[in-house]
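Overview (structure and organization)
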Amino acid sequence: MVRPLVDGGKPGPAAPGVEVGVGLLGFGAVGSQVYRLLEEGAERIARRTGWRPTVRRIAVLDPARPRAHPLPVHLLAPDAAAVVGDPQVEVVVEVMGGLEPARTLVLEALRRGKAVVTANKRLLATHGAEVSSAAAAAQAPLAFEGAVGGAIPIVKPLRETLAADRVRVVEGILNGTTNFVLTRMTRDGWALADALAEAQRRGFAEADASEDVGGHDAAAKLAILASLAFDAAVTDADVFREGIQEVAPRDIAYARELGYVVKLLAVGRDLGEAVDVRVHPALIPQTHPLATVEEERNAILVVGERAGPLVFSGPGAGGAATAAVVVGDILDVAGRRRRGSGEAAPARRPAGVPARRPVWPVEDLVIPYYFGLQVTDRPGVFARVAAVFGEEEVSIASIVQKSRGAVADVVLLTHEAREAAVRRVVARLRAMDVVKSVDSVIRVVE
Ligand code: HSE
C-alpha cells in the first residue's frame, strides 16, 4: 500500500517521498521547465504530496540542437522507444509536440500500461478519441491539462469537476497571439503586421504564425474542450474556421461605437443532435464576460446547466506555466496508476471521447451579423441596399452612414439571420453598381 509520507501538511524533516519514475519525451520550452521544476521543487513536492517524481530518462529528436537549458546528457536515451520501454519509467511525459512520432509513442506507452501525461494539443485535437480509447483499454491513466491554455485549469474542471453537470456552451479566447494583435489594433491603432511581429518577438506566437492568425491553434484547442464538455468526439477538422486576416481597424472602431469589441472567438455549443464548433472573428458586447480579456491572455467561459456561467482565465502559454500543470498531471496520474490497476472501478471515461456527433453546418447558423460596406453616396442607395436584405429575409437592426464623399462607409447590423441568407445578400450586394465593396461581414455573438 502506498502511504503519503507526510500527513496533515505538518512541516517535517525532509521527506523522501514515494519515487515515481518519469520519462521525458522532448526537452523544449515545456520539457526543460518540467525537468527544472521536478529538480528544484522536489522537496516541496514530496512534502506536500508524498510523491517524488524523478526523471529517469529523456529523449529528444535532435540532441545537437542548441537549447535555452542544457540537456542533462547523463539521462539521454538513444531514442524515444528506449524511454517508453524502460521498466523504470512509470509515467511517460510527452512534450515533444507534433503528430508523429508523438502518437505512436503515446499509444505504445499506454499499451504497456504506463501513465501518460501530454501537453500536445495537435495530437489530442486530431487523434484524441484514439488516444483516449487506448488509455481506457489499457486502464492506463492519461492526463493533458497542459494541452489547452497553458496553466489555466480547464481540462480537469470539464473532465471531472463538472462531469455531472450538463455543459451546453464553451466560449473562449484561446489564442494569445491573435488576442494580443486585436488588443493592439483596438487600443493603440497598430496594424496587424506590426502587432504580430511584436507577438513573435515576445515569444507566444507559433513557429508558423499563420497557425495563430488563421485560427488553427484556437480550433485545435476548441476541439479538445468541446470533446470534454459535450462528451463527443470533436476533431480540429470539424471546427469551422476563419482567421483575423480580414479584420480592419475601421471595423474595430465602428464596433466600439456600437458597444462591441472584436475578438477571435472559439464557440462551442451542444445543440443536442449536433455540435456547433467554430472559430472566427466576432463582435461581442462590451459587457460580455470575455470582452475585457486583453493582450495575450486567454479565457474560457463555460456555461453549465446547474453550475451556471464560469470563467477561467490567465496567460494561455509559456513554458514554465505549462510545466506547472504538467507536473500536477504527473502527480495525479502517479496516484491513479498505483491505486487504479486491477481495481473493479470502471476505467476513467476516455477524454477525446469515442462518440461522434454531427457538426452543425455554419450555413444554418442563425445569429446577428455586422456588415461594413462602401456605397455610392447619393439618394436612393440605402433603399436599394435595404431591398436586397429584405428580399433575402435578413432583417436590418440598424444602418448608419459613417462618412461622406463620392463613396461612403456604411455600417449595418442585422437581427438574427440565417448565414446562408447572409451569404446570398453579400453576393447580390457585390453585383450592384452602387455598392463599391462589401469590406467585412462579421458574426455577432451575444
Ligand atoms: N501560439 C499560442 C497562442 C500559444 O498564441 O496562444 C500556444 O498555444
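Everything numeric here is computed off the predicted structure, so don't read it as measured data.

Cut-offs used in this document
- Residues numbered from 1 in each chain as written.
- Predicted model: local features only at pLDDT ≥ 70, side-chain atom pairs only at ≥ 80, totals over all residues.
- Heavy atoms only, no water.
- Helix = DSSP H or I, 4+ residues; strand = E, 2+ residues; numbered from the N terminus.
- Buried < 20%, exposed > 50% of the residue type's maximum accessible area, 1.4 Å probe, protein only.
- Salt bridge = Lys/Arg side-chain N within 4 Å of Asp/Glu carboxyl O.
- Near = heavy atom within 4 Å.
- Polar contact = N/O pair within 3.5 Å; in protein donor to acceptor, adjacent residues only side chain to side chain.
- Areas by Shrake-Rupley, 256 points an atom, 1.4 Å probe, with all protein chains shown as cover.
- Nonpolar A, V, L, I, M, F, W, Y, C, P; charged D, E, K, R; others polar.
- Domains from an automatic or database assignment.
- Buried area = accessible area lost by both parts, 1.4 Å probe.
- Axes fitted to C-alpha atoms, helices over the stretch in contact; angles between N-to-C directions.
- Parallel < 35°, antiparallel > 145°, perpendicular 65-115°, else oblique.
- Left-handed = near helix turned anticlockwise from the far one by under 90°.
- Contact = heavy atoms within 4.5 Å.

Before going further, it helps to spend a moment on unusual backbone geometry. For the bond running from Glu100 to Pro101, omega is 10°, close enough to zero to count as cis. Examined against the element boundaries, Pro101 turns out to sit in the loop between strand E3 (91-94) and helix H4 (102-111). Backbone geometry places Gln139, a non-glycine residue, at a positive phi of 50°. Residue placement: Gln139 occurs in the loop between helix H5 (121-138) and strand E5 (142-143). The phi dihedral of Glu393 is positive, around 60°, even though this residue is not glycine. Within the secondary structure, Glu393 sits in the loop between helix H13 (381-391) and strand E14 (396-401). Judged by relative accessible area, Glu393 falls into the exposed class, the value being 71%.

Scanning the model with the defined rule gives 42 salt bridges in all. Here Arg443 makes a salt bridge to Glu242, at a shortest N to O gap of 3.2 Å. Of the two residues, Arg443 is situated in strand E17 (residues 435-444) and Glu242 in the loop between strand E7 (240-241) and helix H11 (249-257); the sequence distance between them amounts to 201 residues. A relative accessible area of 31% means that Glu242 is categorised as partly exposed. A salt bridge links Arg269 to Asp276, with the shortest nitrogen-to-oxygen separation between them at 2.8 Å. When salt bridges that share partners are traced, they join Arg184, Arg187, Asp188, Glu294 and Glu295 into one network.

Here the focus is the site of the ligand. In the region of the ligand, the neighbouring residues are Lys121, Asn175, Gly176, Thr177, Phe204, Ala205, Glu206, Asp212, Asp217, Lys221 and Ala317. At a separation of 2.7 Å, an oxygen atom of the ligand approaches a polar side-chain atom of Thr177. Lys221 is positioned with one of its side-chain polar atoms (N or O) 2.8 Å from an oxygen atom of the ligand. Coverage of the ligand by the protein chains reaches 90% of its 260 Å² of free accessible surface. Only helix H7 (176-188) and helix H10 (216-230) provide two or more residues apiece to the shell around the ligand. Its residues assigned to classes, the shell around the ligand comprises three nonpolar, three polar and five charged.

A separate point is the domain arrangement of the protein. Partitioning the protein into domains gives domain 1 (5-151 + 320-339), domain 2 (155-314) and domain 3 (363-444). Its C-alpha centre places domain 1 at a distance of 28 Å from the equivalent point of domain 2. Taken over both partners, the interface formed by domain 1 and domain 2 buries close to 1,300 Å², and the fraction arising from carbon and sulfur atoms is 55%. At the boundary of domain 1 with domain 2, the tally comes to five salt bridges. A salt bridge links Lys156 to Asp332; its shortest N-O distance comes to 3.2 Å. At the junction of domain 1 with domain 2, the criterion picks out eight residue pairs in polar contact (both at pLDDT 80 or more). Broken down by secondary-structure element, the contributors of at least two residues to the side of domain 1 that touches domain 2 are H5, E5 and helix H12 (319-340). Among the elements that line the side of domain 1 that touches domain 2, the one with the most residues is H5, at six residues. Looking at the side of domain 1 that touches domain 2, its residues break down into eight nonpolar, two polar and five charged.

When two helices pack together, their arrangement is given by the angle between the helix axes and the distance between those axes. Running from N to C, H4 and H5 point in directions that differ by 15°, and their axes come no closer than 9 Å. Comparing the axis directions of H4 and H5 gives the class roughly parallel. Here H4 and H5 pass one another in a crossing that is right-handed. On H5, the residues touching Arg103, Val106, Leu107 and Leu110 of H4 are Leu123, His127, Glu130, Val131, Ala134, Ala135 and Ala138. Among the residues forming the contact of H4 with H5, the class breakdown is eight nonpolar, one polar and two charged.

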